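Chains, contacts and geometry: an overview
Next come the chains, spelled out residue by residue.
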Amino acid sequence: MHVGRCAEAHLGCPCRGDEAIHEERSRELSEARATADLTVECPECGSPTTPLSIVSWGNCRACRTAHSRSTHPLRW
């Protein structure tokens, strides 16, 4: 891992090179992957989603898509 860069940045890792923060985030992701067969409620809409989605993005795929479309609308 390079200072300021993280291989898990695309998964929302906020470490920016801080090893302690990275280890905590890695532990959270590992626990979420281990419970992939469970479903949890999305904090925004209440629909069922995976624990990994909540840990990675903070909400379900539908809410994440709606948010990205509102901030970056398609331009034809």
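See the structure printed just above.
So, a few notes on the structure that sits alongside this text. All values reported here derive from a predicted model rather than from experimental measurement. (Residues numbered from 1 in each chain as written. Predicted model: local features only at pLDDT ≥ 70, side-chain atom pairs only at ≥ 80, totals over all residues. Heavy atoms only, no water.)

A few words on helix 1 (residues 19–34). For an α-helix, the turn length of 3.6 residues means that residues three or four places apart are oriented alike. Helix length check: helix 1, at 16 residues, gives a terminal C-alpha distance of 22 Å against a target of 22 Å (1.5 Å per residue), a fit within 8%. Turning to helix 1, its buried residues number three or more, namely His22, Arg25, Ser26, Leu29 and Ala32. Along the axis of helix 1, the buried residues cluster in a sector spanning 125°; they form a single face. For helix 1, the exposed residues set more than 90 degrees away from the buried face come down to Ala20 and Ala34. Its buried side turned inward, helix 1 meets helix 2 (51–57). For helix 1, the capping residue at the N-terminal end is Asp18, with a side-chain oxygen 3.0 Å from the backbone nitrogen of Ala20. (Helix = DSSP H or I, 4+ residues; strand = E, 2+ residues; numbered from the N terminus. Expected span 1.5 Å × (residues − 1). Buried < 20%, exposed > 50% of the residue type's maximum accessible area, 1.4 Å probe, protein only. Arc of directions from axis to C-beta. Contact = heavy atoms within 4.5 Å. Polar contact = N/O pair within 3.5 Å; in protein donor to acceptor, adjacent residues only side chain to side chain.)

Within the structure shown, the criterion is met by three salt bridges. In this structure, the salt-bridge partner of Arg25 is Glu28, at a minimum N-O distance of 3.9 Å. Here Arg25 pairs with Glu28, and both are found in helix 1, just three residues apart, close to one helical turn. Residue Arg25 is classed as buried on the basis of its relative accessible area of 10%. For Glu28, a relative accessible area of 29% puts it in the partly exposed group. Arg27 is the salt-bridge partner of Glu31, the closest N and O atoms lying 2.7 Å from each other. Placement of the pair is Glu31 and Arg27 together in helix 1, with a separation of four residues, close to one helical turn. (Salt bridge = Lys/Arg side-chain N within 4 Å of Asp/Glu carboxyl O.)

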